[in-house]
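Chains, contacts and geometry: an overview
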Amino acid sequence: MKNVTPIGLKEWTALEALYEQEQALHLRDLFRLDYSRADRFTLQAAGLCLDYSKNRISMETMEKLFALAKACKLRQAIADMFSGQPINETEGRPVLHVALRNMSGDPIMVNNCDVMPEVQAVLAKMKLFAVDIRDGTWRGYSGMPIRNVVNIGIGGSHLGPAMAYDALKPYTDRNLVVRFVSNVDESDFREQTWDLNPAETLFIVASKTFTTEETMANAGLARAWSLEALRDEKSIARHFVAVSTNAKAVAEFGIDPANMFEFWEWVGGRYSLCSAIGLPLMVAIGPERFMEMLGGFHSMDCHFASEPFDRNMPVILAMLGIWYNNFFGAQSYAVLPYSQNLASFPAYLQQLDMESNGKSVDKRGAKTAWQTGPVVWGAPGTNGQHAFYQLIHQGTKLIPADFIGFHRLPMSGVAQHDKLMANFFAQTEALAFGLTLADLSAGGGVSEYVMPHRVFEGNRPSNTIVADNLTPAVFGALIALYEHKVFVQGVIWNIFSFDQWGVQLGKLLAKKILPELQSEKDVELRHDSSTNNLMTAYRRARRP
Ligand code: F6P
């Protein structure tokens, strides 16, 4: 694939030509001319239903998009990932988050070694720990049961478990307080711990590398906070556990290696929810529910690995994204879950998608001459309707949107859920079909002056993803759907989706700047004039 650039492919050129023909087609006409359109463009997988009929596509568009996927050797790329090939080439690692939820009983080999026994051993250790915390067997240093679990981590060691905890809150043990500290802004730690009793509080320090500045700084605060109350170094063993790949650094921090839950280099941070990074979630929802969630992930994995492209949900979602991103020139897409419990799903997807595919150099090391990862944004419905939907309906930008809804939700009664879902269905209908000048005139009562402002052009594309209920299994399938979608797009764009070199420079500069801010003397600043001025003003304000 290294020498295959999508733009050079005849399948790409064919899509460019098709775009010229099809861009003016309106969804109103596409639906009017084809009564079976919704059936044609709907499919089920792993408890999810995807209706993608409200997209600006024809059968030919999809055929040509699948032809592009084929030309980009997607089938081989999927097989390479699932079989542990070192596809994260710039870091020389395989990418095997699918092993974390592999329920098939089949081995998965890395360097001639089956990783499944290790995966199962860590899961077993997590289960014992989760049960011990939940039933009060695990005691704090002063003999009190643990009531509060605080996860300290950032990026992939935070967004996944924090989002999943919110999503699955109805299944959590409400006697346990579970909190998440992430930002190096100390306010985060103070806010999350101010009302907690250290004798009843356990910290999970979650960091793949165990070197991340923010997490180490917060873990240091937690240690001091805990020791101030418990007054004995030995208490650390009862109040701190770690989740990491770096046993040495964990031991150096003072956490007993017996209290470390391991994961592996072949698990990317933003793909790590199913690893020990999910520990706070398992404590909150219990091992059984956690396993149900892994089952949902696994069903989507099996679907993705085996179904033909035209029946393959992640592939379809990915190729639709390519259609808008690369041919219509859409810069972003919105994710709009109609579930308050999924409020942080867009933020989670931002890391998943933007850290994976926010690249502008292809696998050959050459600058991409095509657009890659889009901006991901969104908020739960109906809240977003009262904020930014105006722009999606009538603005000048094309914003493809994924609407995610449920037939029922664990904490909602029928009457109010109907209200939520009435909005859900109304929005995709309004986006697709709009409201014409003729409709407005026929309705009467609208002045000619206001009329143009009240026209909805429609033809705004959306996907509708529906599941019966937001269960752990459905949740797992949903996350796996987006993981694989992002992977497929990376394959088409011929970029490395599993590294994140773009986060390094800021980290390095911050390391250089910190001592300059902390120095007692005004050390000479050798930055650009803007940074120098800003830092000087900061230093003056801090030490007048
Ligand atoms: O800065 C980005 C990043 O490397 C993410 O990819 C990762 O999820 C996050 O930092 C946290 O890293 P760690 O788990 O090693 O603390």
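Residue positions are given per chain, counted from 1 along the sequence in the order it is written. It should be noted that, the model being predicted, local features are given only for residues of pLDDT at least 70 and side-chain atom pairs only at 80 or more, the latter also being counted only at that level, while totals for whole chains, interfaces and linings use all residues. Side-chain measures were taken over the full set of non-hydrogen atoms in the model, leaving aside hydrogen atoms and water.

1. Thoughts on the packing of aromatic side chains
- Aromatic pairing here means that ring centres of Phe, Tyr or Trp (its six-membered ring) are within 6.5 Å. Orientation follows from the plane angle: under 30 degrees is stacked, over 60 is edge-to-face, and everything else is tilted. This structure, assessed with the given rule, holds 31 aromatic pairs.
- Between Phe189 and Trp225, the ring centres sit 6.2 Å apart and the planes meet at 90 degrees, which makes this aromatic pair edge-to-face. A residue pair is termed long-range when its members are at least 10 positions apart, and Phe189 in helix α8 (residues 186–193) and Trp225 in helix α9 (residues 213–230) qualify at 36 residues. The pair Phe189 / Trp225 is uniform in exposure class, with both members buried.
- Between the aromatic rings of Phe403 and Phe424, the centroid separation amounts to 6.2 Å while the plane-to-plane angle is 75 degrees, which identifies the pairing as edge-to-face. Here Phe403, found in strand β12 (residues 401–406), pairs with Phe424, found in helix α17 (residues 414–433); they are 21 residues apart in sequence, far enough to count as distant.
- Only protein chains enter the accessibility calculation, which uses a 1.4 Å probe. A residue is then buried if its area is under 20% of the maximum for its type, exposed if over 50%, and partly exposed in between. Look at Phe424 and you get buried, because its relative accessible area is 1%.
- Sitting over a ring, as applied to charges here, requires NZ of Lys or CZ of Arg to be within 6 Å of the ring centre and within 35 degrees of the ring normal. Residue placement shows Arg37 over the ring face of Phe31; its charged tip is 5.3 Å from the ring centre.
- The ring of Trp138 carries the charged tip of Arg238 above its face, separated from the ring centre by 4.4 Å. Only DSSP runs of H or I reaching four residues or more are called helices, and only runs of E reaching two or more are called strands; each is numbered from the N terminus.

2. As for the state of the cysteines
- Cysteine sulfurs are considered disulfide-paired once they come within 2.5 Å of each other. Counted by the stated rule, this structure contains 0 disulfides.
- Here Cys49 is not cross-linked by a disulfide; its sulfur's nearest cysteine counterpart is in Cys302, at 20 Å.
- This cysteine, Cys302, is not joined by any disulfide, and Cys274 carries the nearest cysteine sulfur, 13 Å off.

3. Description of the nonpolar core
- In this structure, Phe345, Phe475, Tyr482 and Phe487 are the most contacted members of the largest nonpolar core, which totals 139 residues.
- The dominant element in this core, judged by the number of residues it contributes, is helix α20 (residues 472–493), at 14 residues.
- Two residues form a contact once any of their heavy atoms are found within 4.5 Å. Residues contacting Phe345, with those up to four places away along its chain left out, are Met163, Val335, Ile404, Leu478, Ile479 and Tyr482.
- Residues belong to a common nonpolar core when they are buried Ala, Val, Leu, Ile, Met, Phe, Trp, Tyr or Cys residues joined through side-chain atoms within 4.5 Å. The next biggest cluster of nonpolar side chains, apart from the first, holds 20 residues, and it includes Phe189, Trp225, Ala249 and Met260.

4. Observations concerning the sheet that holds strand β1 (residues 42–45)
- Taking strand neighbours across the sheet as the criterion, the 6 strands line up as β1-β2-β13-β12-β10-β11 in an open arrangement whose pairing is mixed. The two strands at the open ends of the sheet, each matched to only one other strand, are β1 and β11 (375–377). Within the sheet, the average angular offset between the axes of one strand and its neighbour, ignoring direction, is 20 degrees.
- By definition, two strands form a pair when at least two bridges between them are found by DSSP. Both strand β10 (residues 332–337) and β11 contribute to a ladder of 3 bridges, which runs parallel. Considered in β11, the bridge of Ala334 is made with Trp377. Throughout, an axis means a line fitted to C-alpha atoms (over the contacting stretch in the case of helices), and angles, computed between N-to-C directions, take values from 0 to 180 degrees.

Limitation: the analysis is restricted to geometry and does not speak to function.
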